[in-house]
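Okay, here's what each chain looks like letter by letter:
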Amino acid sequence: KISPRAFYANANLKSVTISEGVEEIGSSAFGDCINLEYVKIPSTINKVRNTPFKGCNNIKYFINNAKNIISNKKFLGDNYEKEILEITFEEPKK
């Protein structure tokens, strides 16, 4: 489990790869991490609390392997305004 607000507003965070086995992401766990560009969600996530990535407006790659039950909107929130280059279930092509 990643606790609520665990990394909230951490300006040093640029990339997040959540390990397989993690099942829950707390509310605003990564909220307002303004320099976050890359996020990878494992297939084991089955519970997401209130938009853990809301306010992360620089995300370019969002890899959601929890596709079976969780929508990208649940992660990013209604107010996500910046266009993400790629929302996918695979690694970005280099």
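Since the model is a prediction, treat every value here as computed from it, not as a measurement.

Enquirer: Just to check I follow, could you spell out the state of the cysteines for this structure?
Expert: Where two cysteines share a covalent bond between their sulfur atoms, that bond is called a disulfide. Considering all chains together, one arrives at zero disulfides under this definition. With no disulfide of its own, Cys33 lies closest to Cys56 among cysteine sulfurs, the gap being 5.0 Å.

Enquirer: Got a minute to help me understand the pattern of salt bridges in this structure?
Expert: Side-chain pairing between opposite charges can occur once the charged atoms of the two side chains come close. Counting across every chain of the model gives two salt bridges. Note that Glu24 is salt-bridged to Arg49, the shortest N-O span being 3.4 Å. Taken together, the residues Glu24 in strand E2 (residues 24-25) and Arg49 in the loop between strand E4 (47-48) and strand E5 (61-64) connect sequence positions 25 residues apart. For Glu37, the salt bridge goes to Lys60, with nearest N and O atoms at 3.5 Å. Note that Glu37 is positioned in the loop between E2 and strand E3 (38-41) and Lys60 in the loop between E4 and E5, a separation of 23 residues in sequence. Overall, Lys60 belongs to the partly exposed group, its relative accessible area being 29%.

Enquirer: Teacher, can you tell me more about the side chain of Asn64 here?
Expert: By the element assignment, Asn64 lies in strand E5. Polar contacts involving the side chain of Asn64 include one to the main-chain amide nitrogen of Ala66, which spans 2.9 Å.

Enquirer: How do you make sense of the environment of Ser28 when you look at a structure like this?
Expert: Among the structural elements, Ser28 can be located in the loop between E2 and E3. Look past the residues within four positions of Ser28 in its chain and what remains in contact with it is Arg5, Tyr8, Arg49, Asn50, Thr51 and Pro52.

Enquirer: Can you help me understand the nonpolar core in this one?
Expert: Grouped burial of nonpolar side chains is what soluble globular proteins tend to show. Membership of the largest hydrophobic core comes to 21 residues, with the highest contact counts inside it found for Phe30, Leu36, Ile41, Phe53 and Phe75. Elements supplying a minimum of two residues to this core: E3 and helix H1 (72-76).

Enquirer: Would you mind going over the environment of Ala66 with me for this structure?
Expert: Relative to the helices and strands, Ala66 resides in the loop between E5 and H1. Leave out the neighbours within four places in its chain, and Ala66 touches Ile41, Pro42, Ser43 and Ile45.

Enquirer: How do you make sense of unusual backbone geometry when you look at a structure like this?
Expert: A negative phi angle is the norm for most residues apart from glycine, just as the trans form is the norm for most peptide bonds. Here the phi dihedral of Arg5 falls at roughly 60°; this positive angle occurs in a residue that is not glycine. Along the chain, the position of Arg5 falls in the segment before strand E1 (15-17). Its identity as a non-glycine residue notwithstanding, Thr51 has a phi of 35°, on the positive side. Looking at where Thr51 falls in the secondary structure, it is placed in the loop between E4 and E5.

The rules behind the values
- Residues numbered from 1 in each chain as written.
- Predicted model: local features only at pLDDT ≥ 70, side-chain atom pairs only at ≥ 80, totals over all residues.
- Heavy atoms only, no water.
- Disulfide = S-S within 2.5 Å.
- Salt bridge = Lys/Arg side-chain N within 4 Å of Asp/Glu carboxyl O.
- Helix = DSSP H or I, 4+ residues; strand = E, 2+ residues; numbered from the N terminus.
- Buried < 20%, exposed > 50% of the residue type's maximum accessible area, 1.4 Å probe, protein only.
- Polar contact = N/O pair within 3.5 Å; in protein donor to acceptor, adjacent residues only side chain to side chain.
- Contact = heavy atoms within 4.5 Å.
- Core = buried A, V, L, I, M, F, W, Y, C linked by side-chain atoms within 4.5 Å.

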